[in-house]
Amino acid sequence: MSKNVRYWLWFQKALGEGFDIKTILAEFGSVQTFFNATPFDWRMSTALTPRKIEKLEHTDISESDSIIDICSKNNWQIIDYDDISYPQRLKEIPDPPAVLFVDGVLPDIDNLVTIAMVGTRKASEYSIKVTNILSRGVTECGAVVVSGGALGVDSAAHKGALMAGGKTIAVLGCGFGTSYLAANKSLRDTIRCNGALVTEYPPFVPAGKRTFPMRNRIISGLSLATVVVEAGVRSGSLITARYAVEQGRDVFAIPASLLSTDFSGTNKLIEDGAMVATKPEQILSLYAERFDSINISKVRSVEELMYDTSDKSANISHQIDKFSFENLESGRIKRIKTENEVNNLIGDNKIIYECLEDSFVHIDVIIQKTGLTGAKVISGLTQLEILGLAQSASGKRYKLS
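Remember, predicted model here, so these are calculated numbers, not experimental data.

Q: Please provide a residue-by-residue account of the overall build of the chain, values included.
A: Of the regular secondary structure elements, the chain holds 19 helices and twelve strands. Taking 2.2 N^0.38 as the reference for a compact globule, 401 residues should give roughly 21 Å; the C-alpha atoms of the chain span a radius of gyration of 22 Å, in line with that estimate. Considered along the principal axes of its C-alpha atoms, the chain spans approximately 70 × 55 × 35 Å. The buried share among the 401 residues of the chain stands at 51%.

Q: Lay out the side chain of T59 with the relevant residues and their values.
A: Here T59 is to be found in the loop between α5 (50–58) and α6 (62–73). Residue classification places T59 among the buried positions, given a relative accessible area of 11%. A distance of 2.6 Å separates the side chain of T59 from the backbone oxygen of K55, its partner in a polar contact. Once residues lying within four places of it in the same chain are set aside, the contact partners of T59 are W10, K13 and A14.

Q: Describe the nonpolar core, naming the residues involved and giving the relevant values.
A: Membership of the largest hydrophobic core comes to 67 residues, with the highest contact counts inside it found for F11, F34, W42, L48 and I78. If one sorts the elements of this core by residue count, helix α1 (residues 5–15) sits on top with eight residues. Aside from chain neighbours lying at most four places away, what touches L48 is L15, F19, I24, F34, W42, I53 and L56. In terms of nonpolar packing, the next biggest core, distinct from the first, is built from 28 residues, V113, V145, I283 and L284 among them.

Q: Can you tell me about the sheet that holds strand β10 (residues 361–362), naming the residues and giving the values?
A: Taken together, three strands build an open sheet; the order of strands is β10-β12-β11 and the sheet is antiparallel. Every other strand in the sheet has two partners, leaving β10 and β11 (390–393) as the edge strands with one partner each. Pairing analysis gives two bridges linking β10 to strand β12 (residues 397–400), with the strands arranged antiparallel. Within β12, the position partnered with V361 by the bridge is Y398. The strands touched by helix α19 (residues 374–386) within the sheet are β11 and β12, with β11 carrying the most contacts at an inclination of about 115 degrees.

Q: Before we move on, can you summarise the packing of aromatic side chains with the specific residues and values?
A: Applying the stated criterion across every chain, the model contains 13 aromatic pairs. On the numbers, 5.1 Å between centres and 45 degrees between planes, the contact of Y7 with F35 is tilted. Placement of the pair is Y7 in helix α1 and F35 in helix α3 (residues 31–36), with a sequence separation of 28 residues. Judged by its relative accessible area of 24%, F35 falls in the partly exposed class. With a centroid separation of 5.3 Å and an interplanar angle of 65 degrees, the aromatic rings of W8 and F11 are classed as edge-to-face. Of the two residues, W8 and F11 both sit in helix α1, three residues apart, roughly one turn of that helix. Residue W8 is classed as buried on the basis of its relative accessible area, which comes to 1%. Owing to a relative accessible area of 2%, F11 belongs among the buried residues under this scheme. Clustering of aromatic rings is evident, with ring pairs tying together Y7, W8, W10, F11, F19, F28, F34, F35, W42, Y81 and Y86. K91 extends its terminal NZ or CZ atom over the ring of Y81, reaching a point 4.6 Å from the ring centre. Geometry around F212 places R121 over its ring, the cationic atom sitting 5.2 Å from the centre.

Conventions and cut-offs
- Residues numbered from 1 in each chain as written.
- Predicted model: local features only at pLDDT ≥ 70, side-chain atom pairs only at ≥ 80, totals over all residues.
- Heavy atoms only, no water.
- Helix = DSSP H or I, 4+ residues; strand = E, 2+ residues; numbered from the N terminus.
- Rg over C-alpha atoms; globule rule 2.2 N^0.38 Å.
- Buried < 20%, exposed > 50% of the residue type's maximum accessible area, 1.4 Å probe, protein only.
- Polar contact = N/O pair within 3.5 Å; in protein donor to acceptor, adjacent residues only side chain to side chain.
- Contact = heavy atoms within 4.5 Å.
- Core = buried A, V, L, I, M, F, W, Y, C linked by side-chain atoms within 4.5 Å.
- Pairing = 2+ DSSP bridges.
- Axes fitted to C-alpha atoms, helices over the stretch in contact; angles between N-to-C directions.
- Phe/Tyr/Trp six-rings, centres within 6.5 Å; stacked < 30°, edge-to-face > 60°.
- Lys NZ or Arg CZ within 6 Å of the ring centre and 35° of its normal.

Set out below in structure tokens:
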């Protein structure tokens, strides 16, 4: 944290995420000077409306101290705009965040090739496997994969990087300490230990309709290139691509099946000028000469990556099966069904589901985590198995299906 962290937290609380930092600094010189200015001085600013000035007057800086205390107790790092650790790459975008909250260790963004991989949550089997292949391929050569930590394409991107033994960054659309997307908790825990979880939202701020588009500008802003894997014509992934273009970053797209009109957004991107990506070297070749961190000689073909069964992460599936366009719809239908079943869980079943992990754990562990009786846990696990959301093994062990 810099010496100005309290002022930047106050700034964000009063003016909101994505507010025009650059104009304020040009007019006032520093965030501390801006804080110490009078309402008359604020009225002279070209960036401030009467409503914003009112917010500034009624926002107490003591709230900053509370946030700092919460983050300190949870080992969450705060990187403000003046912090030496704040990525210069992120300062280059039109609307950089005033602060970043980090859980884990943020890689040295400015000296690395960072590649964003984004796409639909309701991804086809084809796109899941393509994302995994490309993510592993670029990571093996020294790149860092950035995504949003969501289900579908995001998860495949993070898992691919982890399988390659690399680092990955998940940019979240909520504050730390929320219960958002419990199904991906295990993956986020792995990312925390092998990279970083990042958000501009203070602790306990819930996800909402506005938080995800705002989050997307940080995904593209941290990255030299954004790869859109599978997206509909109105997909949030296209918002990330649009941000990348506005930020002067490269945009790649994976060609979609001509038979899948629901996910034709990627083909539209290609029509509009996005570069085609069908193998890792197409992405990395733009940066190999500029960054010593990239070793292009390590690049492998899609065929090699597809049939490679080695896995450097014990908690991540390592079998990359042969794919075809024929299973595109069936895979998507299965994922939609699973997501709907999870969203419909209530009561004890929801509590039990949120305590399951990607690897098998003994039922006693689940009972301890849930605080429920053994009989309720056994009943709940049986119902989750029937729904296809849980899987059992010998020795009274269970995991997410």
